[in-house]
Amino acid sequence: MFGKVGCCVCMLIALTFSSTVEGHAGSQQVARYDNYRLYRVLLANVLHVEVFQQLEAKSDSFTFYGHARQPGQQLTIMVAANKVADFDDLLTRYSVEGLVLEHNVQGQIDREATTVKTIDAKPSEMDWDHYFHLETIYAWMDSLAEQHPFVSVLSIGQSYEGQSIKGIKLSRQAGNKAIFVEGGIHAREWISPATATYVLNQLIFSTDPAIVELSTAYDWFFFPIVNPDGYKYSFVGDRLWRKNRKPYGLCRGVDLNRNFDSNWGGIGSSDDPCSYDFSGNTAFSELEASALADFLHRSVKTERIRTYIALHSYSQLLMFPYGHTADQVPNYDDLKQITEQAIEAMTAVNGTEFKGGSKYETIYPSSGGSIDWAYHTGGIPVSLTFELRGPANSTDMFILPAEQIVPVGRETLAAFEAIVRESARLGYYD
């Protein structure tokens, strides 16, 4: 999903408070967001767009969740505590409508921390009422393979910091077509790995006949955390970290969802290493993105992978290629139909409202994304991206309360059922 964390050096200067996590090498300093405010503003005209473009370019005290692009756009911005007065003054001077969504972002983080299990939590403690560290999730995946002969653990490579990029293959019978699920490519989107593991758990343990059929008639590949370095850092360093952790000059990290060779370096990405959507110095410059692409290159045909699903947050959207152009993909009508069926199924579970369409027409222009590459180069005809809860004007942003994991998981599982059912009806698994 969108959001600017910016240059790590500048951001640490902007964060006027820090605390220390005990028990980690080097006494890890933790970024804090005390009295940082979250605003939602309306860019009513061209002047507003220009003002906010300048503001984003000139200060790391204003964290933009999306770029200012066009009149009529609503934009979420986090403002450092020491800049709240300046920001309110700017809104007044330029007659910009603004709403404070949250007065203290750190308060949200602190409340969420009470629902995070400790780093040494055992696989047997895995549930969907808490958030879990990478170590527990990986150990839980290993335990699944030990307990079930139809489950195997895969490692497709290593991250910049040497973490294994681990996944699960679930295969109950030979000859199945397969669905690939990507999670955690953006570190701070904790609901993504939580949802991926929830759905995987249901496919293994549910006795619901529809879920048993889904689990038996298709093979499943789950990679719940394809950005393990960033995910770890979001627990011990900066809760709102987005990118991976590879250094580029003064700053760290590449947006892995801008690093794929799909209109790489184009619209909706940045060549600035300090930007939240930095695309890297070349396509597939990052080990994590290249490992994922290499696996798909080897496996799409041999494993009969026909569907690719990426889980993100937030905004409650379900989208398909492309992100960089308004041109429609050849099977646009089919993907639109699949998306509509999935949204109908999701809404039926909890009443949660979603919107659907191509990435370009639904959220914002972007280049170098995983589903665009999976679709165009990888040859996977049904490639989709979820933006999970909450809505675009969410006060929770990426800090979704753990009590929502199960409801999100249930509606997402319903969507998966609908995606597979409609894709099968349209002949994509023939």
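Position labels on residues start from 1 in each chain and follow its written sequence. Owing to the predicted nature of the model, reporting of local features is limited to residues with pLDDT of at least 70; listing and counting of side-chain atom pairs is limited to 80 or more, with chain, interface and lining totals taken over all residues. Note that water and hydrogens are dropped before the side-chain values are worked out from all heavy atoms of the structure.

A.B. asks: Would you mind going over the overall build of the chain with me for this structure?
C.D. replies: Counting its regular elements, the chain contains 13 helices and 16 strands. Reported as C-alpha extents along the three principal axes, the dimensions of the chain are approximately 65 × 50 × 40 Å. With a 1.4 Å probe rolled over the protein chains alone, any residue whose accessible area is under 20% of its type maximum counts as buried; one over 50% counts as exposed, and the rest are partly exposed. Expressed as a percentage of the 430 residues in the chain, the buried residues total 60%. If you take every contact in the chain between residues at least 6 apart in sequence, the share linking residues at least 24 apart comes to 74%. Methods summary: accessible areas were calculated by the Shrake-Rupley approach with a probe of 1.4 Å, and residue burial reflects only the protein chains presented. Here the chain has roughly 16200 Å² of accessible surface; of this, 49% comes from carbon and sulfur atoms. Helix and strand assignments follow DSSP, with helices taken as H or I runs no shorter than four residues and strands as E runs no shorter than two, numbered in order from the N terminus. Here, two residues are considered to be in contact whenever any of their heavy atoms come within 4.5 Å of each other.

A.B. asks: Would you explain the packing of aromatic side chains in this entry?
C.D. replies: Each pair of aromatic rings taken from Phe, Tyr and Trp, with Trp reduced to its six-membered ring, is defined by centres within 6.5 Å and is described as stacked if the planes are under 30 degrees apart, edge-to-face if over 60, and tilted in the remaining cases. The final tally for this structure, using the stated rule, is 29 aromatic pairs. Seen in terms of ring centroids, Tyr 322 and Tyr 375 are 5.9 Å apart; in terms of plane orientation they differ by 85 degrees. Their pairing is edge-to-face. Note that Tyr 322 is positioned in the loop between strand S14 (317–320) and helix H10 (332–350) and Tyr 375 in helix H12 (residues 370–376), a separation of 53 residues in sequence. Overall, the relative accessible area of 13% leaves Tyr 322 in the buried class.

A.B. asks: What exactly am I supposed to notice about the sheet that holds S14 here?
C.D. replies: Strand-to-strand pairing in sheets goes through backbone hydrogen bonds, with the strands running parallel or antiparallel. What the eight strands build is an open sheet, ordered S7-S8-S10-S9-S13-S16-S14-S15; its pairing is mixed. Edge positions in the open sheet fall to strand S7 (151–158) and strand S15 (355–358), since each of these has one partner strand only. Ignoring strand direction, the axes of neighbouring strands in this sheet form an average angle of 20 degrees. Strands qualify as paired when DSSP identifies two bridges or more between them. Summarising the sheet, S7 and strand S8 (residues 164–170) pair through six bridges and their orientation is antiparallel. Bridge pairing in S8 links Val 153 to Ile 168. To obtain each axis, a line is fitted to C-alpha atoms, and for helices this fit is confined to the stretch in contact; angles are then taken between N-to-C directions over 0 to 180 degrees. Those strands touched by helix H9 (residues 287–299) are S7, S8, strand S9 (177–182), strand S10 (218–223) and strand S13 (305–315), and its axis lies near 130 degrees from that of S7. Seen against the sheet, helix H13 (residues 405–425) touches S9, S10, S13 and strand S16 (382–391) and runs at an angle of roughly 155 degrees to S16.

A.B. asks: Just checking my understanding: could you explain the state of the cysteines for this structure?
C.D. replies: Each disulfide consists of one covalent bond between the sulfur atoms belonging to two cysteines. The disulfide criterion used throughout: a pair of cysteine sulfur atoms within 2.5 Å. One pass over the structure, following the stated rule, counts one disulfide. Between Cys 251 and Cys 274 runs a disulfide, and the two sulfur atoms are separated by 2.0 Å. What sets the handedness of the Cys 251 and Cys 274 disulfide is the S-S torsion sign, and at about 80 degrees it is right-handed. One end of the pair, Cys 251, is in strand S12 (residues 251–252); the other, Cys 274, is in the loop between S12 and H9, and 23 residues separate them in sequence. A relative accessible area of 1% means that Cys 251 is categorised as buried.

A.B. asks: What should I look at first to understand the nonpolar core in this one?
C.D. replies: Side chains of a nonpolar character, in soluble globular proteins, are inclined to be buried together. Core analysis: the largest hydrophobic core is formed by 68 residues, its most contacted members being Trp 220 and Phe 386. Top contributing element to this core by residue count: H13, with 10 residues. For Phe 386, the residues in contact, after removing those within four places along its chain, are Ile 309, Ala 310, Leu 311, His 312, Leu 317, Leu 318, Met 346, Thr 412, Ala 415, Phe 416 and Ile 419. Listed in part, the 24 residues of the second largest apolar core include Phe 260, Val 300, Tyr 308 and Ala 310. Grouping buried Ala, Val, Leu, Ile, Met, Phe, Trp, Tyr and Cys residues that are joined through side-chain atoms within 4.5 Å yields what is termed a nonpolar core.

A.B. asks: Please clarify how helix H6 (residues 191–205) should be interpreted in this entry.
C.D. replies: Note on helix geometry: an α-helix contains 3.6 residues per turn, so any two residues three or four positions apart are oriented the same way. For a helix, the expected span equals 1.5 Å multiplied by the number of residues minus one. For H6, with 15 residues, the first-to-last C-alpha span of 21 Å sits near the 21 Å given by 1.5 Å per residue. Of all 15 residues in H6, 13 are buried, a share of seventy percent or more.

A.B. asks: Would you mind showing me how to read the pattern of salt bridges here?
C.D. replies: Side-chain pairs of opposite charge can arise where the charged atoms are in close proximity. Basic side-chain nitrogens of Lys or Arg form a salt bridge, by our definition, when they fall within 4 Å of a carboxyl oxygen of Asp or Glu. Overall, the coordinates contain 15 salt bridges when judged by the stated rule. Among the ionic pairs, Arg 258 bridges to Asp 255, the shortest N-O distance being 3.7 Å. With respect to burial, Arg 258 and Asp 255 carry one shared label: buried. With a shortest N-O distance of 3.6 Å, Lys 359 and Asp 372 are connected by a salt bridge.

A.B. asks: In this structure, what is going on with empty space enclosed by the protein? I would like to understand it.
C.D. replies: Unfilled space is identified by rolling a water-sized probe across the atoms. Here a cavity denotes a set of grid points, spaced 1 Å apart and computed over the protein atoms alone, in which a 1.4 Å probe fits but from which it cannot get out, and a pocket denotes an open set meeting protein on both sides within 12 Å along at least five of seven lines; residues with an atom within 4 Å of a point are reported as lining. Grid points are joined across faces, edges and corners, and a volume is the space filled by probe spheres set on the points. One pass over the full model with this rule turns up three cavities of 30 Å³ or more. As for the largest cavity, its lining consists of 16 residues, of which Asn 257, Arg 258, Lys 359, Tyr 364 and Glu 387 are closest to the centre. At the level of elements, S13, H12 and S16 are the ones that each hand at least two residues to the lining of the largest cavity. Partitioning the lining of the largest cavity into residue classes produces six nonpolar, six polar and four charged. Lining the second largest cavity are Met 126, Asp 127, Trp 128, His 130, Tyr 131, Phe 132, Ile 137, Trp 190, Pro 193, Ala 194, Thr 197 and Tyr 231. When residues are sorted by character, Ala, Val, Leu, Ile, Met, Phe, Trp, Tyr, Cys and Pro go into the nonpolar class, Asp, Glu, Lys and Arg into the charged class, and all the rest, Gly among them, into the polar class.

A.B. asks: What should I look at first to understand the packing of helix H5 (residues 134–147) against H6 in this one?
C.D. replies: Each packed pair of helices is defined by two parameters, the angle between the axes and the distance between the axes. Between H5 and H6, whose axes approach to 13 Å, the crossing angle comes to 15 degrees. Classified by the angle their axes make, H5 and H6 are roughly parallel. As H5 packs across H6, the resulting crossing turns out to be left-handed. Between H5, through Ile 137, Trp 140 and Leu 144, and H6, the contact on the second element is made entirely by Thr 197, Leu 200, Asn 201, Ile 204 and Phe 205. Broken down by class, the residue content of the contact of H5 with H6 amounts to six nonpolar, two polar and no charged. Orientation labels follow simple angle bins: below 35 degrees gives roughly parallel, above 145 gives roughly antiparallel, 65 to 115 gives roughly perpendicular, and whatever is left gives oblique. For any pair of crossing helices, the crossing counts as left-handed if the nearer helix is rotated counterclockwise from the farther one by less than a right angle, and right-handed if it is rotated clockwise.

A.B. asks: For this particular structure, what's the right way to read unusual backbone geometry?
C.D. replies: Trans is the common state for peptide bonds, and a negative phi is the common state for residues other than glycine. For the bond from Ser 313 to Tyr 314, the omega torsion is 5 degrees, close enough to zero to count as cis. Residue placement: Tyr 314 occurs in strand S13. Residue Tyr 322 follows Pro 321 across a cis peptide bond; omega there is 0 degrees. Of note in this structure, Gln 316 is not a glycine but carries a positive phi near 60 degrees. What makes Gln 316 buried here is its relative accessible area of 11%.

A.B. asks: Explanation requested: the packing of H10 against H13 in the structure shown.
C.D. replies: Relative orientation of the contacting elements H10 and H13 amounts to 150 degrees, with a least axis distance of 8 Å. Here H10 runs over H13; the crossing is right-handed. Contacts between H10 and H13 pair Gln 337, Ile 338, Gln 341, Ala 342, Ala 345, Met 346, Val 349 and Asn 350 from the former with Pro 407, Arg 410, Glu 411, Ala 414, Ala 415, Ala 418, Ile 419, Glu 422, Ser 423 and Arg 425 from the latter. Residue classes in the contact of H10 with H13 are distributed as 10 nonpolar, four polar and four charged.

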